[in-house]
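Observations on chain architecture
What follows is the residue order along each chain.
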Amino acid sequence: MIINKDLQFAVIGKFSYGWPKIQELRKLIPKQCELKGDVNIGLLSNRYVLIRTTLLEDYVTLLSKLQFYITQNYWSYPMRTLKWDPMFDPEEETSIAIAWISFPVLPPNFFGKEAIFLLASAVGKPLQVDMATQHKTRPSCARVKVEVDLMGDFPIRINV
């Protein structure tokens, strides 16, 4: 159902101290957040906008940074991004975050994206491997960016 409504890469933008008009945000956010694909931005509630991206890369970009500053007419509006959830409640903070996890001393035959994603799924939802892992230029450690629930349990070790 979420995929059918173009919400699989949806992010909430939260403004705490004022914000530009929604027409301006539709122009400013894609440019200032360096988004590459198509973006649909709509007002969700008083201080929140729903940002629907078409690319996984843009979704990861939005959630990877703690805060963006949307600048207009010499004013800078801080915008935090949160993962959209069907049960979104503006009164509650989300426990979902993006984090890098490392696999030190991983054998080189496990450096394929599929293998690393399978290992990382023990921690959260894998999103992307870093460039050194992708190009196999750092054989001492593989890294992957994952979406994690900070309230969940994390394994200390994953045996291969």
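Residues numbered from 1 in each chain as written. Predicted model: local features only at pLDDT ≥ 70, side-chain atom pairs only at ≥ 80, totals over all residues. Heavy atoms only, no water.

Within an unreviewed UniProt entry, the label attached to the protein chain reads DUF4283 domain-containing protein, and the organism entered is Solanum pinnatisectum.

Remarks on the overall build of the protein chain
In terms of regular secondary structure, the protein chain is built from 4 helices and 8 strands. Along the first, second and third principal axes, the C-alpha atoms of the protein chain reach 50 × 30 × 30 Å. A buried classification covers 38% of the 160 residues belonging to the protein chain. For the protein chain, the share of sequence-separated contacts (at least 6 apart) that also reach a separation of at least 24 residues comes to 62%. Approximately 10,200 Å² of the protein chain is accessible, and the part contributed by carbon and sulfur atoms is 55%. Across the protein chain, 19 positive and 16 negative side-chain charges occur, with their mean positions spaced 5 Å apart. (Helix = DSSP H or I, 4+ residues; strand = E, 2+ residues; numbered from the N terminus. Buried < 20%, exposed > 50% of the residue type's maximum accessible area, 1.4 Å probe, protein only. Contact = heavy atoms within 4.5 Å. Areas by Shrake-Rupley, 256 points an atom, 1.4 Å probe, with all protein chains shown as cover. Lys, Arg positive; Asp, Glu negative; His and termini not counted. Charge placed at Lys NZ, Arg CZ, Asp CG, Glu CD.)

Brief notes about the sheet that holds strand β7 (residues 125–129)
One open sheet holds the 3 strands; their spatial order is β6-β8-β7, and the pairing between them is antiparallel. Edge positions in the sheet fall to β6 (96–104) and β7, since each of these pairs with one other strand and no more. On average, each strand axis in the sheet is tilted by 30° relative to the strand beside it, whichever way the strands run. Across 9 bridges, the pairing between β6 and strand β8 (residues 141–149) is antiparallel. If you follow F103 over to β8, its bridge partner there is A142. Its contacts with the sheet put helix α3 (residues 113–120) on β6, β7 and β8, and the angle it makes with β7 is roughly 145°. (Pairing = 2+ DSSP bridges. Axes fitted to C-alpha atoms, helices over the stretch in contact; angles between N-to-C directions.)

Description of the pattern of salt bridges
In this structure the tally under the stated criterion is 5 salt bridges. Of the charged contacts, one joins E147 and K83 as a salt bridge, the two residues approaching to 3.7 Å between their closest N and O atoms. Here K83 lies in strand β5 (residues 75–83) and E147 lies in strand β8, a separation of 64 residues in the sequence. Looking at K83, the relative accessible area reads 24%, which means it is partly exposed. Of the charged contacts in the structure, one is a salt bridge between R138 and D130, with a shortest N-O distance of 2.7 Å. A relative accessible area of 10% means that D130 is categorised as buried. Salt bridges here are not isolated pairs; linked through shared partners, they connect D130, R138 and R143. (Salt bridge = Lys/Arg side-chain N within 4 Å of Asp/Glu carboxyl O.)

Here we look at helix α1 (residues 22–32)
I22, L25, L28, I29 and P30 are the residues of α1 that are buried. Against the buried residues of α1 lie β1 (10–15), β2 (39–45), β3 (48–53), β4 (68–72) and β5. Backbone geometry just after α1 places E34 at a positive phi near 55°.

Some remarks on α3
Of the residues making up α3, those classed as buried are I116, F117, L119 and A120. On an axial view of α3, the arc spanned by its buried residues comes to 160°, and they lie on one face. In α3, the exposed positions angled more than 90 degrees off the buried face are occupied by E114 and L118. Against the buried residues of α3 lie β6, β7, α4 (131–134) and β8. (Arc of directions from axis to C-beta.)

What about the side chain of K14?
Mapped onto the elements, K14 comes out in strand β1. When its relative accessible area of 9% is taken as the criterion, K14 is described as buried. Every residue in contact with K14, bar those within four places of it in the chain, is listed here: R47, Y48, P78, M79, R80, L82 and E93.

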